[in-house]
Amino acid sequence: MKKQAVVISPQDNVATVVDDFASGTLIHFFIGGSEQSIQLLQDIPLGHKFAICDISPSANILKYGESIGVSTTLILAGQHVHVHNMESQRGQSNK
């Protein structure tokens, strides 16, 4: 199988694509040694992320096993994850 997306940590809830992929494409990736697949619900450009499971509103977006932001809406498995549905928490104060 040719690598289509990368998941770094088993805790991740997003994968990063290694090429441009159209909506409807069945993407294959590995979590640990287990091959997984998800049908994309939207076009995903090279280097961008898609959800590998449903992500609830206000949930952490996990990449590299670390939170890279928080979802601003429900994100379904296979949807593009980017600034339109997530917000970075870096540089935010807890005031």
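Nothing here was measured: the structure is a model prediction, and the numbers come from that model.

Draft legend 1. How the structure looks around the side chain of histidine 80. Of note, histidine 80 is situated in strand E8 (residues 80–81). In this structure the side chain of histidine 80 is engaged in a polar contact, spanning 2.9 Å, whose partner is the side chain of histidine 48. Discounting residues that sit within four places of it in the chain, histidine 80 has contacts with Gln42, Asp43, Ile44, Pro45, His48, Lys49, Phe50 and Asn85.

Draft legend 2. Spotlight on the pairing of strand E2 (residues 14–17). Every second residue of E2 is oriented toward a common face, with Val14 and Thr16 on one face and Ala15 and Val17 on the other, all of them buried. Pairing of strand E1 (residues 5–6) with E2 involves two bridges; the strand directions are antiparallel. From the neighbouring strand, valine 6 faces E2, where its bridge partner is threonine 16. Pairing of E2 with strand E5 (residues 49–51) involves three bridges; the strand directions are antiparallel. Residue alanine 15 lies in a different strand from E5, and its bridge partner there is phenylalanine 50.

Draft legend 3. Molecular detail of unusual backbone geometry. Residues other than glycine seldom take positive phi values, yet serine 58 does so here, at roughly 70°. With respect to the element layout, serine 58 can be found in the loop between E5 and strand E6 (60–63). One non-glycine residue with positive phi stands out, namely tyrosine 64, at about 65°. As for its position among the elements, tyrosine 64 is in the loop between E6 and strand E7 (66–71).

Here is what the cut-offs are and how they apply
For every chain, the first residue of the written sequence is number 1, and numbering continues from 1 along that sequence. Given that this is a predicted model, residues contribute local features only at a pLDDT of at least 70 and side-chain atom pairs are listed and counted only at 80 or more, while totals for whole chains, interfaces and linings are drawn from all residues. The side-chain quantities take in all heavy atoms of the structure and omit both hydrogens and water. Numbering of helices and strands starts at the N terminus; helices are DSSP runs of H or I of at least 4 residues and strands are runs of E of at least 2. Under the rule applied, a polar contact is a pair of N or O atoms within 3.5 Å (in protein, one hydrogen donor and one hydrogen acceptor; residues adjacent in sequence only if both atoms are side-chain atoms). Contacts are residue-level and defined by heavy atoms, with any inter-residue pair within 4.5 Å sufficient. Whether a residue is buried, partly exposed or exposed follows from its accessible area with a 1.4 Å probe, protein chains only, as a fraction of its type maximum: under 20%, in between, or over 50%, in that order. Strands are labelled as partners when DSSP assigns at least two bridges between them.

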